[in-house]
Amino acid sequence: MIEQLDYKTLQHLWWLICSVVGALFLFLTFVQGGQSLLWQVAKTPTEKDLIINSLGRKWEMTFTTLVLFGGALFASFPKFYSTSFGGAYWVWILILFTFIVQAVSYEFRKKPWNIYGSLVYEGLLFINGVVGVLLIGAAVGTFYTGSNFQLDASNFVTWTQSPAGPGGGAQPLGVLHLQHRHGPLSGVQLPHPGRHVSDQQP
Amino acid sequence: MIENLDLGMVNWARAQFALTAMYHWIFVPLTLGITWIIAFYHSIYVKTGNEEWKRLTKFWMKLFGVNFAIGVATGIIMEFEFGTNWSNYSWMVGDIFGAPLAIEGIFAFFLEATFFAVMFFGWNRVSKGFHLFSTWMVAVGSNLSAVWILVANAWMQHPVGQAFNPDTARFEMQNFAEVAFSPYAINKFTHATSSSMLMAAFFVISISSWYLLRGRHIVMAKRSIVVAATLGLLASVFTIFNGDESAYEIAQVQPMKLAAFEGLYEGQTNAGLVAIGLINREKKVYDQQEPFIGFNVHIPGLLSLMANRSFGSFVPGMKDLVYGNAEHNILGAVQKMERGKKAVASLDAYKQAKKADDKAAADVHLASFNEYKEFLGYGYLNKPEEAVPPVALSFNAFHVMVILGSLFPLIFLGYLYFSYKGNLAEKKWLLGLGTITYLLGIMASQAGWIVAEVGRQPWSIQDLLPTTIARTNLTAGTVQTTFFMFLALFTLLLIAEISIMVKQINIGPEEN
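Residues numbered from 1 in each chain as written. Chains lettered and ligands numbered in written order. Predicted model: local features only at pLDDT ≥ 70, side-chain atom pairs only at ≥ 80, totals over all residues. Heavy atoms only, no water.

Which residues make up the packing of helix 4 (residues 128-157) of chain B against helix 6 (residues 183-214) of chain B, and what values do they have?
Residues and elements named next belong to chain B. Relative to each other, helix 4 and helix 6 sit at 135°, their axes nearing to 8 Å. What the angle tells us is that helix 4 and helix 6 run oblique. The way helix 4 lies across helix 6 gives a crossing that is right-handed. Of helix 6, the residues touching helix 4 (which contributes Asn143, Ala146, Val147, Leu150, Val151, Asn153, Ala154 and Gln157) are Tyr184, Ala185, Lys188, Phe189, Ala192 and Thr193. Residues of the contact of helix 4 with helix 6, tallied by class, amount to nine nonpolar, four polar and one charged. (Axes fitted to C-alpha atoms, helices over the stretch in contact; angles between N-to-C directions. Helix = DSSP H or I, 4+ residues; strand = E, 2+ residues; numbered from the N terminus. Parallel < 35°, antiparallel > 145°, perpendicular 65-115°, else oblique. Left-handed = near helix turned anticlockwise from the far one by under 90°. Contact = heavy atoms within 4.5 Å. Nonpolar A, V, L, I, M, F, W, Y, C, P; charged D, E, K, R; others polar.)

Please set out the nonpolar core residue by residue, giving values where relevant.
Residue and element names in this part refer to chain B. In terms of nonpolar packing, the biggest core is built from 210 residues, with Trp60 and Tyr89 touching the most fellow members. Those residues within four positions of Trp60 in sequence are excluded, and the remaining contacts are Ile34, Ile38, Tyr41, Phe203, Val204, Ile207, Ser208, Met220 and Ser224. With six residues, the next largest nonpolar core counts Trp25, Ala146, Leu150 and Ala192 among its residues. (Core = buried A, V, L, I, M, F, W, Y, C linked by side-chain atoms within 4.5 Å. Buried < 20%, exposed > 50% of the residue type's maximum accessible area, 1.4 Å probe, protein only.)

Explain the environment of Tyr211 of chain B residue by residue, including any values.
All names here are of chain B. Of note, Tyr211 is situated in helix 6. In this structure the C-alpha to C-alpha distance between Tyr211 and Leu431, which are 220 residues apart in sequence, comes to 9.5 Å. Setting aside anything within four residues of it in sequence, one finds Tyr211 in contact with Phe59, Arg216, His217, Met220, Ala221, Ile505, Gly508 and Pro509. One polar contact links the side chain of Tyr211 to the main-chain carbonyl oxygen of Ile505, over a distance of 2.4 Å. (Polar contact = N/O pair within 3.5 Å; in protein donor to acceptor, adjacent residues only side chain to side chain.)

Could you give an account of helix 13 (residues 391-421) of chain B, naming the residues involved and the relevant values?
Over its 31 residues, helix 13 of chain B extends 46 Å from the first C-alpha to the last, a length consistent with the 45 Å expected when each residue adds 1.5 Å. Just past helix 13 of chain B, the residue Gly422 of chain B takes up positive phi, approximately 85°. (Expected span 1.5 Å × (residues − 1).)

Give me the packing of aromatic side chains: which residues, what numbers.
Within the structure shown, the criterion is met by 53 aromatic pairs over all chains. Judged by centre distance (6.0 Å) and plane angle (55°), the ring pair of Trp36 of chain B and Trp136 of chain B falls under tilted. Taken as a pair, Trp36 of chain B in helix 1 (residues 7-48) and Trp136 of chain B in helix 4 lie far apart in primary sequence, 100 residues in all. Measuring from centroid to centroid gives 5.1 Å for Phe483 of chain B and Phe484 of chain B, while their planes differ by 85°, and the two rings are edge-to-face. Classification of Phe483 of chain B as buried rests on a relative accessible area of 13%. Grouped by ring-pair contacts, the aromatic residues Phe74 and Tyr81 of chain A together with Phe17, Phe82, Tyr89 and Phe97 of chain B constitute a single cluster. The ring of Trp91 of chain B carries the charged tip of Arg170 of chain B above its face, separated from the ring centre by 4.7 Å. If you follow Arg309 of chain B out to its NZ or CZ, it ends over the ring of Tyr248 of chain B, 4.2 Å from the centre. (Phe/Tyr/Trp six-rings, centres within 6.5 Å; stacked < 30°, edge-to-face > 60°. Lys NZ or Arg CZ within 6 Å of the ring centre and 35° of its normal.)

Lay out the packing of helix 13 of chain B against helix 14 (residues 428-454) of chain B in plain terms, naming residues and giving numbers.
All names here are of chain B. In contact at an axis separation of 8 Å, helix 13 and helix 14 are set at 145° when each is read in the N-to-C sense. Both helix 13 and helix 14 take part in a crossing whose hand is left-handed. Of the residues that constitute the contact of helix 13 with helix 14, the class distribution is 21 nonpolar, six polar and no charged.

Please provide a residue-by-residue account of the pattern of salt bridges, values included.
All names here are of chain A. The tally for this structure, following the rule as stated, stands at 13 salt bridges over all chains. Residue Lys48 pairs with Glu122 through a salt bridge whose shortest N-O separation is 2.9 Å. With Lys48 in helix 3 (residues 45-56) and Glu122 in helix 7 (residues 118-145), the pair connects residues that are 74 residues apart, well separated along the chain. Through salt bridges with shared partners, a single ionic network connects Lys48, Asp49, Arg109, Lys110 and Glu122. (Salt bridge = Lys/Arg side-chain N within 4 Å of Asp/Glu carboxyl O.)

Outline helix 2 (residues 30-41) of chain A, listing residues and values.
Think of an α-helix as turning once every 3.6 residues; residues three or four places apart then point the same way. Residue and element names in this part refer to chain A. Counted at 1.5 Å a residue, the expected span for helix 2 with its 12 residues is 16 Å, but the 14 Å between its end C-alpha atoms falls short. The set of residues buried in helix 2 consists of Val31, Gln32, Gly34, Gln35, Ser36 and Leu38. Of the surrounding elements, those touching the buried residues of helix 2 are helix 1 (7-28), helix 3, helix 4 (59-76), helix 6 (89-108) and helix 7.

Requested: an account of the interface of chain B and chain A, with residues and values cited.
Listed as interface residues are 65 residues of chain B and, on the opposing side, 52 residues of chain A. Both faces considered, chain B and chain A share a buried interface measuring about 5300 Å² in area, 76% of it formed by carbon and sulfur atoms. If you look at where chain B meets chain A, you find zero salt bridges. The interface formed by chain B and chain A holds seven residue pairs in polar contact (both at pLDDT 80 or more) in total. Elements with a contribution of two residues or more to the side of chain B that touches chain A: helix 2 (51-85), helix 3 (87-121), helix 11 (333-355) and helix 16 (476-507) of chain B. Of the residues belonging to the side of chain B that touches chain A, the class tally is 36 nonpolar, 20 polar and nine charged. (Buried area = accessible area lost by both parts, 1.4 Å probe.)

A description of a nonpolar patch on the surface should follow, citing residues and the corresponding values.
All names here are of chain A. A surface patch of nonpolar side chains, about 430 Å² in accessible area, is lined by Trp15, Val140, Phe143 and Tyr144. For the nonpolar patch, the leading source of residues is helix 7, giving three residues. Considering the arrangement of structural elements, one finds Phe143 in helix 7. (Patch = residues over 30% accessible without salt bridge, like charges linked within 9 Å, V, L, I, M, F, W, Y side chains within 5 Å. Areas by Shrake-Rupley, 256 points an atom, 1.4 Å probe, with all protein chains shown as cover.)

Encoded structure:
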């Protein structure tokens, strides 16, 4: 049955799968919501522990959904994957940073001899909750805003005004703003695999 | 475009990948291996109902939990780094490389993430049978997630089941089974998982030996050692066996890698394996310097045996593989580059003709491309000597791995022998050695990564895609910055992990 589907239909199906996984991920970011609100909602150390323990049973699901989302995009839309991840370099690298610190914070926060103290790990959870989600929003936002890049015959992507620039890393909001004007994705015409996107002038 | 390559960026991107992969590989083997060992402990508890085994199982689970999170955390970067730093690679091989990654996400990670919680918090909450089942499922799940990334890596070393599509300039999957069940992939998987098992056995032995030296938790330490050393002995013997299989596979499909990690410049029949020798770092493939400095010992014929399963066989050296050897019918990089340039030129001409709508010319160029396409990657090299990977690093890493790997079964045997005799606690010398075995295991394992991936250079995909072409269009400064960011972050996390681990070991198992 699969063999009879044409390339275009397959791509639509994959797009559906990616969308569902993406939506599932967004739903699961209630974990990040809890992390961001921790300092507001929990008044006592016990309350804090209760909230973190209940979120701590779910963080793997959010995390693995993100991994799945990345893998699915890699497999089904490599052009998007390579263009967006390579172009919006700083956005994705910072997203990764905020997710690395999340995973260990749950495990290390209350452990004796954790070097940095539980407050630091709670801070890292807050960063993941606020910055991580905001940056994912920035990356997803580029679906709608588009960007200027060129593609040569050997598939090398060159960004005409790259969000990978020096300001991007320091100011996530600056990235948001930059991407608002020059987001990374508009040149990629995902559902039309037959069309070549070369020679796009800025 | 090739002329404007920023080599600094490629090297920084390689450094960053090496950094993240090697940090990841400090934690992952322990996760892969210890889940099996814990599953055995847990099974013994369920079978005997002995509370001491439960205490023991919970103790190793606790240490595993500390390690697990950091393994997962360092893993997510690897997946996304293909897109951020190697975007041309991602585009060209997304079909083949992305599919295993997606499968990994779907099956293994979810399996791991669901049963993980049951394993940790299931005591007295779920039935004993289901709890034990979950523990085994965590082991199966963790190791299944290793399958797919190793399949993808094996494909880079030996690209089977694919075809290059000249219209899209991409490698497309032709046969999934060929990719998933390639002998190279099977060797990689068995070698990686069995070496992980032996590393985890060393982890258990190191900590238990320390307890015995201190006279603490003696019963638990002895019991832990017996199971771990048994599994470790089996794993270490199996690792040598499938390591030998890997070497044979490498000799067939990546002869340059084999020649580099043995420092073999001139091809030989009845070639010897270096037992002792200091490699000459200055030597280049085109000069007349000695490959080794001073005294060196070769075991005659062993390399030929390893490479071709026959003592008298010819093993090509780096010179043969760069400049060719007509006598033994070996194409050198020189000849391959000529053909590769033709492949690249035909591909360009084909694209031009297609653009001009000249179907006849396009067909001619396509036929010419197909004739030379297996040498495509060589068309992008500038000098034939570029086909040689870093020799000294490959050589040293390979020999560290092999020497340590041959020592490991003896250590496990020693532990089993004295456990059987019942006087292990008195053998202070063995216990002293035992406490550092985990570090030796990490060294051997990291060396193995270097052999596999540095030895693959200059290719991202063997013979087809050089690393320099696989990269993203970024500046060296950008990648340099993130390199140091990752270095700082990972080192801080590693320090915290070690500190927590040491504290947990100090606390020891909970009293019942």
